[in-house]
Amino acid sequence: MNRFEERFSTLQVSGKKALVVYIVAGDPASETTVRLMHEMVSQGADIIELGVPFTDPEAEGPVIQLGHERALRARTTLTDTLAMARAFRQQDKKTPIALMGYINPIEAMGYDVFVDKALESGIDGTIIVNLPPEEGEILGSAMIEKGLSPIYLLSPTTLNERAKLICKQSRGFIYYVSLKGTTGASNLNYTEVAERVAKFKAMTDTPILVGFGIKDAESAGKISKMADGAVVGSAIVQLIEQNESEPEVILKEVGSLVASIREGMDSAQ
Amino acid sequence: MKNEQYKIPPGSNELSSAMPDERGYFGQYGGKFVSETLMAAISELETEYRRLKNNPEFIAQIERDLKDYVGRESPLYYAERLTKHVGGAKILLKREDLVHTGAHKINNCIGQALLAKHMGKPRVIAETGAGQHGVASATVAARFGLECCVYMGTEDIARQSLNVYRMKLLGATVVPVDSGTKTLKDALSEAMRDWVANVDSTYYIIGTVAGPHPYPMLVRDFQAVIGNETKRQCQAQYGQLPDALVACVGGGSNAMGIFYPFIDDTSVRLIGVEPAGHGMETGKHAAPLSVGSVGVLQGNRTYLMQDEDGLILDTHSVSAGLDYPGVGPEHSWLKDIKRAEYVTIDDEEALGAFRQLNLLEGILPALESAHAVAYAMKLAAQMKPDEILVINLSGRGDKDIPTMAGIDGISLS
Ligand SMILES: Cc1ncc(COP(=O)(O)O)c(C=O)c1O
């Protein structure tokens, strides 16, 4: 079993849903990132999405765009991001890490080099926003061959036939983008999400997680009733922005947000 | 070297104008690198376009507007004094500066606005650098009764203020973009974000042969009117094809427009001019075809200005319309198969050509087009008097007067 499978089976046994947290690597500094990863896990996060900083994060809303800009000001690259994952892995052997970002830094490194380094650094999968399955076949099969999980996205505009293809090509989990918009938007329509997720679940046994627009215990609680888990990003990155120069405050604030979301999700079950 | 490690899916490298392939590739360039939410929208666009492009009524509608509204065909003008001054090939100017709104951008906007109408979209959005594509989009939106929103980097808003006001007069909303480098590429990213959020109601008019498939193809097709006219006019006036075509390359739409109908005429040299900005040796330029490497940005795989970590580099050109770190994928392919050549002209040289065209021909070129003029003057000098060189004069320079005045230390207000 890979780390995703182990985590989802543990969650199932304990009757819980997956809480996935997103931060940008190196935002605001690499030391904080690694400490923050541990802190979020200790407050109840199940999976970490580690954002790879990019100059042109075209799918992000304003909050996460600024996260990328702060990380780039600290000169954080894909290589640095992998180093942070490796540092985290020295203590935490179990929490799955998915890199989230854009394809260009991976192309620049070269697919084969990337796959080897990702494996070496304890990465479990990738969510590449601008790499739909049509363009992701070569990287995807190189990853699968080495036991890494290419995670693809579904969206409210995905038609049924495509959804089947996406479900088939995804490993680890599938990421349902809950709304038409960028990260941080808040126009979530729960009824629609419930319907769509139910339809997708009939197509696959791979867990379906929902992201975009989930920002607190209440929204995460609602989502966790309809899907296998919830992804929280902008709400966390916003706290980093507000406390940029004070790492201790970041750890404390993010830790308590994660703890409250964990509680909201567990009590909703 | 690194490019070989990419294991890029094989594409056809045959010389042919029948590109792109089914997947939107020109050789190994192009593709559809967009977020999942946009995949349905770009395939709907492709289906609609393929359905309409051979529809006689749609074609007639475009032709009517290009003639009566845009003012086509544009003249192919013999620049006699410039030719004498240079002392080489006969220099002809394809006068896109004379069309409505003052640049070739309108050719594409007419086609895309009609597509938007046919697709039932009440709202269009656009990105702009120099403001010419923004003005052209706002213009067709007014013409066809569509709501229009234009994204523009704050740095470009400062250097192209005339066009900003003009877009407002046309009823468009101009949204300043303050992220990243605050120029064209950031405006394009912001327009994509708008599109994702409003995909049901909105048509995105991309202004150049970039973005995800089918944009590089359809923008090229709408701009090909430039090359088709040039071919016809040159045959009629001189009984031969030109020997060389010279065009500036930002995203590459005016260049693709004039090159495309000549791709299979291999006796015609195709030359794209990229901006060398402060000079190639300074790194402050926007010449991905000349010194860039292959990567993926804003929907397609192409040559890019990037560092070894795959982060996009800051670019510079005195001309806002050329200040872009990527380039349309078809150019990357034409470069690799050596069908087109790509060269560079720096800010100083472009400014020099800008002044000379004023003095020798009484024509005020856009700073973008001045790059093509500058290179054409060098090239024509090495050619024979019975040879013909056509410059695609992509736009007029009214928008650049404040910039020029600033350089000359003259206050206009
Ligand atoms: C007059 C003119 N020429 C050229 C360009 C560059 O665009 P492209 O390379 O797509 O023709 C622009 C862009 O704003 C322009 O305004």
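Residues numbered from 1 in each chain as written. Chains lettered and ligands numbered in written order. Predicted model: local features only at pLDDT ≥ 70, side-chain atom pairs only at ≥ 80, totals over all residues. Heavy atoms only, no water.

Caption draft 1: Region of the structure containing the overall build of chain A. In terms of regular secondary structure, chain A is built from twelve helices and nine strands. Relative to a compact globule of 269 residues, whose C-alpha radius of gyration would be 18 Å, chain A shows 17 Å and is just as compact. Here the C-alpha coordinates of chain A stretch approximately 45 × 40 × 35 Å along the principal axes. The burial tally for chain A puts 62% of its 269 residues in the buried class. (Helix = DSSP H or I, 4+ residues; strand = E, 2+ residues; numbered from the N terminus. Rg over C-alpha atoms; globule rule 2.2 N^0.38 Å. Buried < 20%, exposed > 50% of the residue type's maximum accessible area, 1.4 Å probe, protein only.)

Caption draft 2: Spatial organisation of the interface of chain A and chain B. In this complex, chain A contributes 40 residues to the contact, which on the side of chain B involves 40 residues. Taken together, the two surfaces of chain A and chain B that pack against each other cover about 3200 Å², and 50% of this comes from carbon and sulfur. Looking only at chain A, the three residues that lose the most surface to chain B are E58, E107 and E135 of chain A, adding up to 19% of its buried area. Run the count over chain A and chain B and you get four salt bridges. Residue K185 of chain B is joined to D56 of chain A by a salt bridge in which the shortest nitrogen-to-oxygen separation is 2.7 Å. (Contact = heavy atoms within 4.5 Å. Buried area = accessible area lost by both parts, 1.4 Å probe. Salt bridge = Lys/Arg side-chain N within 4 Å of Asp/Glu carboxyl O.)

Caption draft 3: Region of interest: the site of the ligand. All names here are of chain B. Among the 19 residues in the neighbourhood of the ligand, the closest are listed as T208, G250, G252, S253 and S394. Between an oxygen atom of the ligand and a side-chain N or O atom of S253, the distance comes to 2.7 Å. The fraction of the free accessible surface of the ligand (390 Å²) that becomes covered by protein chains is 97%. Each residue belonging to the shell around the ligand can be placed in one class, and the counts come to six nonpolar, eleven polar and two charged. (Near = heavy atom within 4 Å. Polar contact = N/O pair within 3.5 Å; in protein donor to acceptor, adjacent residues only side chain to side chain. Areas by Shrake-Rupley, 256 points an atom, 1.4 Å probe, with all protein chains shown as cover. Nonpolar A, V, L, I, M, F, W, Y, C, P; charged D, E, K, R; others polar.)

Caption draft 4: Representation of unusual backbone geometry within the structure. Going from D27 of chain A to P28 of chain A, the amide bond is cis rather than trans, its omega being 0°. Within the secondary structure, P28 of chain A sits in the loop between β1 (18-24) and α2 (30-42). For the bond running from H213 of chain B to P214 of chain B, omega is 15°, close enough to zero to count as cis. As for its placement among the helices and strands, P214 of chain B is situated in the loop between β8 (202-204) and α9 (215-223). In this structure, K182 of chain B is a non-glycine residue whose phi angle is positive, near 60°. Topologically, K182 of chain B is positioned in the loop between β7 (173-177) and α8 (184-197). Positive phi, close to 65°, is recorded for K338 of chain B, a residue that is not glycine. In this structure, K338 of chain B sits in the loop between α13 (329-336) and β13 (340-346). By relative accessible area, K338 of chain B is classed as exposed at 72%.

Caption draft 5: The arrangement of the pairing of strand β9 (residues 244-248) of chain B in detail. Residue and element names in this part refer to chain B. With five of its five residues buried, β9 lies for the most part within the structure. The alternating pattern of β9 places A244, V246 and C248 and L245 and A247 on opposite faces, both of which are buried. Regarding topology, helix α11 (residues 253-259) serves as the crossover connection from β9 to the parallel strand β10 (residues 269-277), and that connection is right-handed. Bridge analysis of β9 against strand β14 (residues 388-393) gives three bridges, and the strand direction is parallel. (Right-handed = clockwise from strand over helix to strand, strands pointing away. Pairing = 2+ DSSP bridges.)

Caption draft 6: Representation of the side chain of T182 of chain A. Following the sequence through the fold, T182 of chain A ends up in the loop between β7 (174-177) and α9 (190-201). Every residue in contact with T182 of chain A, bar those within four places of it in the chain, is listed here: A59, E60, G61 and F212 of chain A together with R193 of chain B.

Caption draft 7: Structural context of the pattern of salt bridges. For the coordinates displayed, the defined rule picks out 46 salt bridges over all chains. The salt bridge involving D323 of chain B is made with R159 of chain B; its shortest N-O contact spans 2.8 Å. Of the two residues, D323 of chain B sits in the loop between β12 (299-304) and α13 while R159 of chain B sits in helix α6 (residues 154-159), which places them 164 residues apart along the sequence. Of the charged contacts, one joins E341 of chain B and R269 of chain B as a salt bridge, the two residues approaching to 2.7 Å between their closest N and O atoms. Highlighted residues: E341 of chain B in strand β13 and R269 of chain B in strand β10, separated in sequence by 72 residues. Overall, the relative accessible area of 30% leaves E341 of chain B in the partly exposed class. Exposure remark for R269 of chain B: the relative accessible area of 33% places this residue in the partly exposed category. A cluster of three or more residues bridged by salt bridges with shared partners is formed by K16, D46, R262 and D266 of chain A.

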